[in-house]
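One-letter residues, chain by chain:
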Amino acid sequence: MTNISDKIVLVTGASSGIGEATTRELAAAGAKLFIGARRGERLEALAEELGEQVAWRTLDVTDAEDFDAFADAAEERFGRVDVLVNNAGVMPLSPLAALKRDEWKRMIDVNIHGVLNGIAAVLPRFVAQKNGHVINVASVGAHIVLPTAAVYCGTKYAVWAITEGLRQEHDEIRSTIISPGVTATELGDDITDPAVAEALKEWRQKSLTPDAIARAIRYALEQPDGVDINEVIVRPTAAGM
């Protein structure tokens with residue numbers, strides 16, 4: 001395994017859940033991290049706790065210019081960028097017949113455009129330095145479709161396809177998709193359909209903790225330069241999803 005103490009890693013959605021756990025896991029391994037999310041107060045508290053190897057900036061992943069500025073700020077702070085962990089995502093599940101068009105648009109903007117904005121912010125740098133690693137956090141929803149999750153799964157299928165396309169287009173850049181099963185995070189807290197919100201509580205009776213996904217991300221990062229872990233699916237042992 002490769003020592004990642006010299007890696008400069010960007011992490012989105014770092015204010016809670018998988019993003020926060022990934023920040024903690026990679027900081028413990030010695031990496032330097034530049035973390036982003038909308039909730040700056042949480043980022044600031046996390047950075048203060050973990051020390052000078054972690055810096056932060058508020059980030060709206062749906063805003064391409066803001067994402068570019070985020071990557072620029074990371075390079076200014078640490079000198080370069082080696083890794084992007086595209087983790088930010090939303091999951092307001094609902095039946096299609098509920099016609100929650102605003103929620104559909106929000107999922108597409110965050111889960112697809114947010115990933116593309118991140119790739120666009122780092123790809124020219126990675127091409128120029130002939131090295132880099134994009135890790136996109138998707139979901140088991142990139143492989144299965146369930147009632148109430150059609151749009152969400154559609155966005156995660158898109159993330160899978162984008163990641164695979166990136167892999168095929170750039171021999172010098174590693175690309176990894178991490179697909180978590182049911183995980184105990186704030187994802188889904190924005191569900192407005194009461195029946196679906198209650199069902200999510202039932203699904204999460206058997207769930208992973210975010211640190212399990214963080215370890216999968218670290219595993220992908222620690223491979224030698226010639227080894228690209230293309231996809232990791234992580235599910236709870238006791239659950240089907």
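This text follows the structure it describes.
About the criteria used
Residues numbered from 1 in each chain as written. Predicted model: local features only at pLDDT ≥ 70, side-chain atom pairs only at ≥ 80, totals over all residues. Heavy atoms only, no water. Helix = DSSP H or I, 4+ residues; strand = E, 2+ residues; numbered from the N terminus. Expected span 1.5 Å × (residues − 1). Buried < 20%, exposed > 50% of the residue type's maximum accessible area, 1.4 Å probe, protein only. Pairing = 2+ DSSP bridges. Right-handed = clockwise from strand over helix to strand, strands pointing away. Contact = heavy atoms within 4.5 Å. Axes fitted to C-alpha atoms, helices over the stretch in contact; angles between N-to-C directions. 1 Å grid on protein atoms, 1.4 Å probe; cavity = no way out; pocket = protein on both sides within 12 Å on 5 of 7 lines; lining within 4 Å. Points joined across faces, edges and corners; volume = space filled by probe spheres on them. Nonpolar A, V, L, I, M, F, W, Y, C, P; charged D, E, K, R; others polar.

Novice: Please set out helix α4 (residues 101-129) residue by residue, giving values where relevant.
Specialist: An ideal rise of 1.5 Å per residue puts 42 Å on 29 residues; α4 measures up with 41 Å between its terminal C-alpha atoms. Of the residues one or two after α4, lysine 130 is the one with positive phi, at around 55 degrees.

Novice: I'd like a rundown of unusual backbone geometry, residues and numbers included.
Specialist: The phi dihedral of lysine 130 falls on the positive side, at around 55 degrees, and the residue is not glycine. Position of lysine 130 relative to the elements: it lies in the loop between α4 and β5 (133-137). The exposure class assigned to lysine 130 is exposed, which follows from its relative accessible area of 65%. With a phi close to 80 degrees, threonine 148 is a non-glycine residue in the positive phi region. Here threonine 148 is to be found in the loop between β5 and α5 (150-169).

Novice: Can you lay out the pairing of strand β1 (residues 8-12) for me, pointing to particular residues and giving the numbers?
Specialist: Counting buried positions along β1 yields 5 of 5 residues, so the element is predominantly enclosed. Both faces of β1 are covered, namely the face carrying Ile8, Leu10 and Thr12 and the face carrying Val9 and Val11. Bridging between β1 and strand β2 (residues 32-37) involves 5 bridges; their strand directions are parallel. Pairing of threonine 12 across the sheet is with glycine 36, part of β2. Remark: the β1/helix α1 (residues 17-28)/β2 crossover connection has right-handed handedness. Relative to strand β4 (residues 83-86), β1 is paired through 3 bridges, and the arrangement is parallel. Looking across to β4, one finds that leucine 10 is bridged to leucine 84.

Novice: Tell me about the side chain of aspartate 109, and name the residues and values.
Specialist: Looking at where aspartate 109 falls in the secondary structure, it is placed in helix α4. Not counting residues up to four positions away in its chain, the partners in contact with aspartate 109 are Thr62 and Gly114.

Novice: Quick rundown of the sheet that holds strand β6 (residues 174-180)? Include the residues and the values.
Specialist: The parallel open sheet is built from 7 strands, whose spatial order is β3-β2-β1-β4-β5-β6-β7. Looking at the sheet topology across the chains shown, the edges are occupied by β3 (54-58) and β7 (231-234). When the angles between neighbouring strand axes are averaged without regard to direction, this sheet yields 15 degrees. As paired elements, β6 and β7 share 4 bridges and run parallel to each other. Paired with serine 179 across the strands is isoleucine 233, a residue of β7. Strand contacts of helix α2 (residues 40-50): β2 and β3, with the helix running at about 175 degrees to β3, the strand carrying the most contacts. Here α5 sits on the sheet and contacts β5, β6 and β7; the angle it forms with β6, its principal contact strand, is near 160 degrees.

Novice: Lay out the layout of surface pockets with the relevant residues and their values.
Specialist: Quantified by volume, the largest pocket comes out at close to 950 Å³. The wall of the largest pocket is formed by 47 residues, among which Gly89, Val90, Thr185, Leu187 and Gly188 lie closest to the centre. Looking at the lining of the largest pocket, the elements with two or more residues in it are α1, β2, α4, α5 and α6 (194-203). For the lining of the largest pocket, the per-class residue count stands at 23 nonpolar, 15 polar and 9 charged. For the second largest pocket, the lining is made up of 17 residues, of which Asp171, Glu172, Ile173, Arg174 and Asp225 are closest to its centre. Classifying every residue of the lining of the second largest pocket by side-chain character gives 3 nonpolar, 5 polar and 9 charged.

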